[in-house]
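A look at the structure
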Amino acid sequence: MTGITAVMVLVYFVLLLGDSGVGKSKCTSTPPYPNCHPNTYSSTHQTPVVIRYQKNEFNPQSRNTIGVDFSSGSVKIDGKIVGAHFWDTSGQERFKSITSSFYRGAYGAFLVYDITRRDTFENISTKGGWLDELRQSTNENGVVTMLVGNKSDLAGEGESLGGEGGEREEVRRQVSTEEAKAFADANGLLFMETSAKDASNVEQAFEGILTEIY
Ligand code: GTP
Ligand code: MG
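Counting starts from 1 at the beginning of each chain's written sequence and moves along it residue by residue. Going through the entries in the order they are written, you letter the chains from A and number the ligands from 1. Residue-level local features of this predicted model are given only where pLDDT is at least 70; pairs of side-chain atoms are given and counted only at 80 or more, and the full residue set underlies all totals for whole chains, interfaces and linings. For side-chain calculations, the full set of non-hydrogen atoms in the structure is used, while hydrogens and water are omitted.

**Let's talk about the overall build of the chain**
The helix and strand inventory of the chain stands at six helices and eight strands. Put simply, DSSP H or I for four residues or longer makes a helix, DSSP E for two residues or longer makes a strand, and each gets a number counted from the N terminus. Going residue by residue from the N terminus, the α and β elements of the chain occur as β-β-β-α-β-β-α-β-α-α-β-α-β-α. To sort residues, take the accessible area from a 1.4 Å probe on protein chains only and compare it with the maximum for the residue type: under 20% means buried, over 50% means exposed, and anything in between is partly exposed. Counting the 214 residues in the chain, one finds 47% classified as buried. Contacts are assigned to residue pairs that have any heavy atoms within 4.5 Å of one another. Put simply, of all contacts in the chain between residues at least 6 apart along the chain, 69% involve residues at least 24 apart. Each accessible area value is a Shrake-Rupley result obtained with a 1.4 Å probe; residue values ignore everything except the protein chains displayed when judging cover. Within the structure as shown, the chain displays about 10,900 Å² of accessible surface, and the carbon and sulfur contribution to it stands at 48%.

Okay, here's the thing in structure tokens:
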């Protein structure tokens, strides 16, 4: 055995759930990499957060996810490589029967909403919403779950976004950080606000959930 270093790679499945359009996915024409290795993230259709994590870029082109897209990546925690396969599901109702069949094997889940669309938060937090559905389908509270308020770059808090011609645009945030944090605390969820566009907190969200799972 001399000269051989054994590398143990642990791989966990992580779901991305939430309404259509909240920012779970970013589809690209990037061909898939054949291997998943430390700090390499790949897939044919990548989630914005995943592609951000992998390539530090934001592609504004997008299309709705059909069924489920897959991508993978890894982080080093305590000197060990912890890998994750991300199941990026469609938020569209018509794919529910396909996407819900993936819930069972999950170790972790991101429940993603758009901070500028209140309905996307309520569809997580109300009875029968994404959180209920996740808990019912995985029949325990064993899935490490993070509530993610995406599109924080659009918050526009405390200022006019000032369109052309000086007309005042509304402040676009519809869900306060405090409200979302309180909901997360009450339900045992991790919480973060992210932007796939300006990359804020994206890496932290992935590392946070994987550290907690691990
Ligand atoms: P489904 O696949 O239909 O469930 O939607 P999705 O949640 O995967 O949404 P998607 O990632 O396709 O993003 C929808 C739109 O939001 C796209 O036009 C993205 O470019 C945009 N978007 C995603 N993340 C952000 C963000 O952080 N900020 C801003 N400003 N736009 C974003
Ligand atoms: Mg998608």
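**Observations concerning the side chain of Lys96**
Residue position: Lys96 is located in helix α2 (residues 96-99). Judged by its relative accessible area of 17%, Lys96 is buried. Not counting chain neighbours up to four residues away, the residues in contact with Lys96 comprise Trp130 and Glu133.

**A look at the packing of helix α3 (residues 118-125) against helix α5 (residues 177-186)**
Interhelical geometry of α3 versus α5 gives an angle of 10° and a closest axis separation of 12 Å. By the criterion of interaxial angle, the relationship of α3 to α5 is roughly parallel. Residue-level contacts link Arg118, Phe121, Ile124 and Ser125 of α3 to Glu179, Ala180 and Phe183 of α5. Orientation is described by axes fitted as lines to C-alpha atoms, over the contacting stretch for helices, and by angles from 0 to 180 degrees between their N-to-C directions. An angle counts as roughly parallel when it lies under 35 degrees, as roughly antiparallel when it exceeds 145, as roughly perpendicular when it falls between 65 and 115, and as oblique in every other case.

**Here's the deal with the packing of aromatic side chains**
For Phe, Tyr and Trp, where Trp contributes only its six-membered ring, two rings pair if their centres lie within 6.5 Å, and the inter-plane angle classes them as stacked under 30 degrees, edge-to-face over 60, or tilted in between. Overall, the coordinates contain eight aromatic pairs when judged by the stated rule. Geometrically, the ring pair formed by Tyr12 and Tyr107 is edge-to-face, given 4.8 Å between the ring centres and 70° between the ring planes. In this pair, Tyr12 sits in strand β1 (residues 9-17) while Tyr107 sits in the loop between α2 and β6 (108-114), placing the two residues 95 residues apart along the sequence. You can call Tyr12 buried: its relative accessible area is 13%. Aromatic pair Phe110 and Phe206: ring centres 5.3 Å apart, planes at 65°, arrangement edge-to-face. Taken together, the positions of Phe110 in strand β6 and Phe206 in helix α6 (residues 202-213) put the pair 96 residues apart, joining distant regions of the chain. The exposure classification of Phe110 matches that of Phe206, with both residues buried. Every member of this aromatic cluster is reached through a ring pair, and the members are Phe13, Phe70, Trp87 and Phe102. Only when the NZ atom of a Lys or the CZ atom of an Arg is both within 6 Å of the ring centre and within 35 degrees of the ring normal do we say a charge sits over the ring. For the cation-ring pair, Lys96 lies above Trp130, with the distance from its terminal atom to the ring centre recorded as 4.4 Å.

**A closer look at α5**
Among all positions in α5, only Ala180, Phe183 and Ala184 are buried. Projected down its long axis, α5 carries its buried residues within an arc of 100°, all on one side. In α5, the exposed residues that point more than 90 degrees away from the buried face are Glu178 and Ala186. Contact partners of the buried residues in α5: β6, α3, α4 (130-138), β7 (144-150) and β8 (190-193). In the segment just after α5, Gly188 is the residue with positive phi, at about 65°. Comment: arc refers to directions from the helix axis out to C-beta atoms.

**A word on the side chain of Glu193**
Position of Glu193 among the secondary structure elements: in strand β8. A relative accessible area of 13% means that Glu193 is categorised as buried. Counting of polar contacts relies on pairs of N or O atoms within 3.5 Å, with two restrictions inside protein: one atom must be capable of donating a hydrogen and the other of accepting it, and residues adjacent in sequence are counted only when both atoms are side-chain atoms. Here the side chain of Glu193 touches Arg173 through a polar contact of 2.9 Å, side chain to side chain. Only 3.0 Å separates the side chain of Glu193 from the side chain of Thr177, close enough to count as a polar contact.

**Quick notes on the nonpolar core**
In these notes, a set of buried Ala, Val, Leu, Ile, Met, Phe, Trp, Tyr and Cys residues joined through side-chain atoms within 4.5 Å is what counts as a nonpolar core. Grouped together as the largest cluster of nonpolar side chains are 24 residues, with contacts concentrated most on Leu15, Leu111, Tyr113, Ile124 and Leu147. Contributing elements (two or more residues each) for this core: β1, β6, α3, α4 and α5. Leave out the neighbours within four places in its chain, and Leu111 touches Leu17, Ile124, Trp130, Leu131, Leu134, Thr145, Met146, Leu147 and Val148. Formed by 20 residues, the second largest nonpolar core is a distinct cluster that contains Tyr12, Phe86, Val144 and Met146.

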